[in-house]
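This is what each chain is made of:
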Amino acid sequence: MRNDMADAVERNALEGSSRSPQPPYADPPYQLRARDFVDLHDQVQTSVKLLDSLEGFLSTFQKDLSAVSGQISNLQDRSKDIDNRLRSRRRIEKPLSNLLADLCIPPALATLILDTPVGEDWIPAIVELERRLDTLKLRVRVKAARDLSEVAEGLRIVAATKLRTFFLSMLESIRTSMTTNLQVIQSSVWMKYRPLFVFLQRHAANVANEVQRAYVGAVRTYFETGFRRYLRSLGWIKARTVEKSESIVGESSQGPGFDPSRLSYARVEGPSVAMAYIGEDKNYKEPLESVVRSALLVLMDNATAEYAFVTAFFSTEPRPPPNKDSSSIMSPPILSPTRGEFDEFRSNPGSDIGSDGVSPRPRIVSITSVMGTAGLDQQAANEEQAALNALWKQIMDPVLDYCQTFVQNAIEPPPPVVPLLTIIRLTEDVVAEVQRRGCGPLETYIFTLRLKMWPVFQKLMAEHVDTLKKYAEGASAGYFRRGGTTTDVSVSAVCRRYVVLFNSFVALTDQPEETMIFANLLRLRQELSKLITTHTDKLGDPVAKASAQSTFYEQLLQGLSSGPGPTSHPKAQSELAYWRERDEESRRRVASTHSRR
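Analysis parameters
Residues numbered from 1 in each chain as written. Predicted model: local features only at pLDDT ≥ 70, side-chain atom pairs only at ≥ 80, totals over all residues. Heavy atoms only, no water. Helix = DSSP H or I, 4+ residues; strand = E, 2+ residues; numbered from the N terminus. Contact = heavy atoms within 4.5 Å. Areas by Shrake-Rupley, 256 points an atom, 1.4 Å probe, with all protein chains shown as cover. Axes fitted to C-alpha atoms, helices over the stretch in contact; angles between N-to-C directions. Parallel < 35°, antiparallel > 145°, perpendicular 65-115°, else oblique. Nonpolar A, V, L, I, M, F, W, Y, C, P; charged D, E, K, R; others polar. Core = buried A, V, L, I, M, F, W, Y, C linked by side-chain atoms within 4.5 Å. Buried < 20%, exposed > 50% of the residue type's maximum accessible area, 1.4 Å probe, protein only. Salt bridge = Lys/Arg side-chain N within 4 Å of Asp/Glu carboxyl O. Patch = residues over 30% accessible without salt bridge, like charges linked within 9 Å, V, L, I, M, F, W, Y side chains within 5 Å. Phe/Tyr/Trp six-rings, centres within 6.5 Å; stacked < 30°, edge-to-face > 60°. Lys NZ or Arg CZ within 6 Å of the ring centre and 35° of its normal. pLDDT = per-residue confidence, 0-100. Polar contact = N/O pair within 3.5 Å; in protein donor to acceptor, adjacent residues only side chain to side chain. Expected span 1.5 Å × (residues − 1). Left-handed = near helix turned anticlockwise from the far one by under 90°.

Let's talk about the overall build of the protein
Helix and strand counts for the protein stand at 17 helices and 0 strands. A separation threshold of at least 6 residues defines the contact pool for the protein, and within that pool the share at least 24 residues apart is 82%. Here the protein has roughly 34,500 Å² of accessible surface; of this, 56% comes from carbon and sulfur atoms.

In structure tokens:
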């Protein structure tokens, strides 16, 4: 239709141009260009339509861009959330891994406890089982720990049952044979398996107490039987050599034949002890102090060894503190998953054990609370030590009774005073050695034995002094008393006995002053000096009297100078000075008498 309109316009334009001619330079009329204008109009319409279409597209594109921008923002937010969750999971990855490692019971551990007998491989296994049991108790908030607690309890019961049978079986050799070396078994077997007994103490107290009672009964019988046989053998040896206490004024004119080598029995370090089998030899003899020394040394070695074992094996061992680096018990709090995600704010920070990320609230600790805690710890330690001492006493009670009876029979009736003092010095040395070994109950026991010997010693010394005093008083006859029969031989024998006593006492005494010893010797010396004076007063001639006194004094000086003890002892020097002065005085009287004649 546009073409028809353009043709009509063009025809009208041609007709008009024919009727009114235009100059040749004039522009063609617009009617002639109608087609161009129509085309231009069409193009403009087309462009407008295109622009409208483009506008709609751009508007749609802008909406799409806005939607994409919103989605990108959402993705960024999700990415940040995922990053935060990833960091949170990485932060709890190691503690969670440690927790799972602690809570899980390895199949190898369960198989070892359930299917194998107790042996050396049980020692690390029991330590590991105990660690996991403690972990499950501390992680009771974790559901997995609660689920595994029944399995762990079953393993604990099986382990306790097998360990009970194991420890009781180790006592059979002690019950059935006296030739069993108890100390070797204790050091090489029992102490090696002590971690197993510690496990029983902590997780099966009834079983541990049963094992302890069984041990006490078996070892008590072992020691009771062994010491009864040994002391019976020593009794046979002691019966072959009977030494009675003899007065310093004895019937023998030769004086005592005391062997100075017997003084070596006053020390722990010295001759070997008598063996039990040697008592069956009827020709074997030992002095009294040697027999008592054998009994006390055997008692000391066995009792201190048993005390060391009891205090080491049956003592309560404190639980070791958890390792902060390797154990999950001290790791930061573990968070439980909820619906597949971890809620970081579910648990209160620091509410679980060992939160390193939260600093503890500062506490004000007073000195009173510190001292109170220390006092409670000391009280607990004292109570445990008392319990261990009572346990040792239960084991050694029969042995202590046997030894006390044996020593009591050795000093009643009283032996000679020098062997008695040798035994007393031996008890002092034994007490020092027992104290060095740290056996308090045995130290008290030996000290009590020693206290019972001193009154016997004092009684013997008093008898010597009284006997010598009566002998000296009887040497001088009077109107109202009968004169005694003292001779040079008898007085010389008294001097020899006094020398033996003094030299032995000095050899057995390390301290320069000891009242119990030297006070009695001083009284004895005074009575001996009176005896020599009263005996020589019978001689009418002053020269003969002084010469006789000088002879006795020289005998005393020679004996005191050749004693087994050191002459450098202050009391030995004082004694020598006393008799030397008396000797010089006698010699001066002899010289002055000769000069007057």
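Description of the packing of helix H2 (residues 34-103) against helix H4 (residues 122-138)
In the contact formed by H2 and H4, the axes pass within 9 Å of each other and the chain directions differ by 120°. Regarding the angle of H2 to H4, the classification is oblique. Residues Ala101, Asp102 and Leu103 of H2 pack against Arg131, Arg132, Thr135 and Leu136 of H4. Taken together, the residues of the contact of H2 with H4 break down into 3 nonpolar, 1 polar and 3 charged.

Notes on the nonpolar core
Within the largest apolar cluster, 136 residues are counted, with the highest numbers of intra-cluster contacts made by Phe167 and Leu299. The element that contributes the greatest number of residues to this core is helix H9 (residues 205-240), accounting for 15 residues. Ignoring any residue separated from it by four or fewer positions in sequence, one finds Leu299 in contact with Phe227, Thr304, Met396, Val399, Leu400, Cys403, Leu442, Tyr445 and Ile446.

Structural notes on the pattern of salt bridges
Summed over the entire model, instances satisfying the criterion amount to 26 salt bridges. Arg497 is paired through a salt bridge with Glu246; the nearest N and O atoms lie 3.9 Å apart. Taken as a pair, Arg497 in helix H14 (residues 488-507) and Glu246 in the loop between H9 and helix H10 (288-313) lie far apart in primary sequence, 251 residues in all. Look at Glu246 and you get partly exposed, because its relative accessible area is 46%. Note that Glu513 and Lys571 form a salt bridge whose closest N and O atoms lie 3.4 Å from each other. One end of the pair, Glu513, is in the loop between H14 and helix H15 (515-536); the other, Lys571, is in helix H17 (residues 570-596), and 58 residues separate them in sequence. Given a relative accessible area of 56%, Glu513 falls into the exposed group. Under the relative-accessibility criterion, Lys571 is labelled partly exposed at 22%. Within this structure, Asp301, Glu433, Arg436 and Arg437 form a network of salt bridges that share partners.

Some words on a nonpolar patch on the surface
A cluster of nonpolar residues, Leu51, Leu54, Phe57, Leu58, Phe61 and Leu65, forms a patch on the protein surface that exposes about 610 Å² of accessible area. Inspection of the secondary structure assignment puts Phe61 in helix H2. We classify Phe61 as partly exposed; its relative accessible area is 41%.

Notes on unusual backbone geometry
With omega at 0°, the peptide bond leading from Glu412 into Pro413 counts as cis. Position of Pro413 among the secondary structure elements: in the loop between helix H11 (367-411) and helix H12 (417-437).

Focus: the packing of aromatic side chains
The full count for this structure, using the stated rule, is 25 aromatic pairs. Relative to Phe457, the ring of Trp454 has its centre 5.5 Å away and its plane inclined at 90°; by these criteria the two rings are edge-to-face. Taken together, the residues Trp454 and Phe457, both in helix H13 (residues 440-475) and 3 residues apart, mark about one turn of the helix. This pair shows no difference in class: Trp454 is buried, exactly as Phe457 is. Relative to Trp579, the ring of Tyr578 lies with its centre 5.0 Å away and its plane at 80°, an arrangement referred to as edge-to-face. For Trp579, a relative accessible area of 0% puts it in the buried group. Following the ring pairs from residue to residue traces out a cluster consisting of Phe166, Phe167, Trp190, Tyr193, Phe197, Tyr215, Phe309, Phe313 and Phe314. Across from the ring centre of Tyr578, 4.0 Å away, lies the NZ or CZ of Arg525, which sits over that ring. The ring of Phe518 has Lys571 sitting right over it, with the charged end atom 5.5 Å from the ring centre.

Observations regarding the confidence of the model for the protein
Reading predicted coordinates in detail is not appropriate for stretches of low pLDDT. Here the protein shows a mean pLDDT of 81. Residues at 70 or above account for 81%. Between residues 324-365, whose pLDDT stays under 50, and residues either more than four places distant or in other chains, the model counts 56 contacts. Confidence drops under pLDDT 50 across residues 477-483; counting only partners more than four residues distant or on other chains, this segment forms 5 contacts.

Regarding the side chain of Thr304
By the element assignment, Thr304 lies in helix H10. Residue classification places Thr304 among the buried positions, given a relative accessible area of 9%. For Thr304, the side chain forms a polar contact with the side chain of Arg437, separated by 3.0 Å. Discounting chain neighbours no more than four positions away, the residues touching Thr304 are Leu299, Val434, Arg437, Cys439 and Leu442.

Quick word on the environment of Ala205
Residue placement: Ala205 occurs in helix H9. With 45 residues separating them along the chain, Ala205 and Ala160 place their C-alpha atoms 9.7 Å apart.

Considerations on the environment of Val291
Mapped onto the secondary structure, Val291 falls in helix H10. Taking the C-alpha atoms as reference points, Val291 and Leu231, 60 residues apart in sequence, are found 9.3 Å from one another. If near-sequence neighbours (up to four positions away) are discounted, Val291 is found in contact with Leu234, Ile237, Lys238, Glu286 and Phe406.

Topic: H14
Along its 20 residues, H14 runs 28 Å from first to last C-alpha, staying within 8% of the 28 Å computed at 1.5 Å per residue. Summarising burial for H14: 15 of the 20 residues are buried, a large majority.

Notes on the packing of H14 against helix H16 (residues 542-561)
With their axes 9 Å apart at the nearest point, H14 and H16 run at an angle of 25° to one another. Here H16 runs roughly parallel to H14, going by the angle between their axes. As for how H14 packs across H16, the hand of that crossing is right-handed. Between H14, through Asp488, Val491, Ser492, Cys495, Arg496, Tyr498, Val499, Phe502 and Asn503, and H16, the contact on the second element is made entirely by Phe552, Gln555, Leu556, Gly559 and Leu560. Classifying every residue of the contact of H14 with H16 gives 8 nonpolar, 4 polar and 2 charged.

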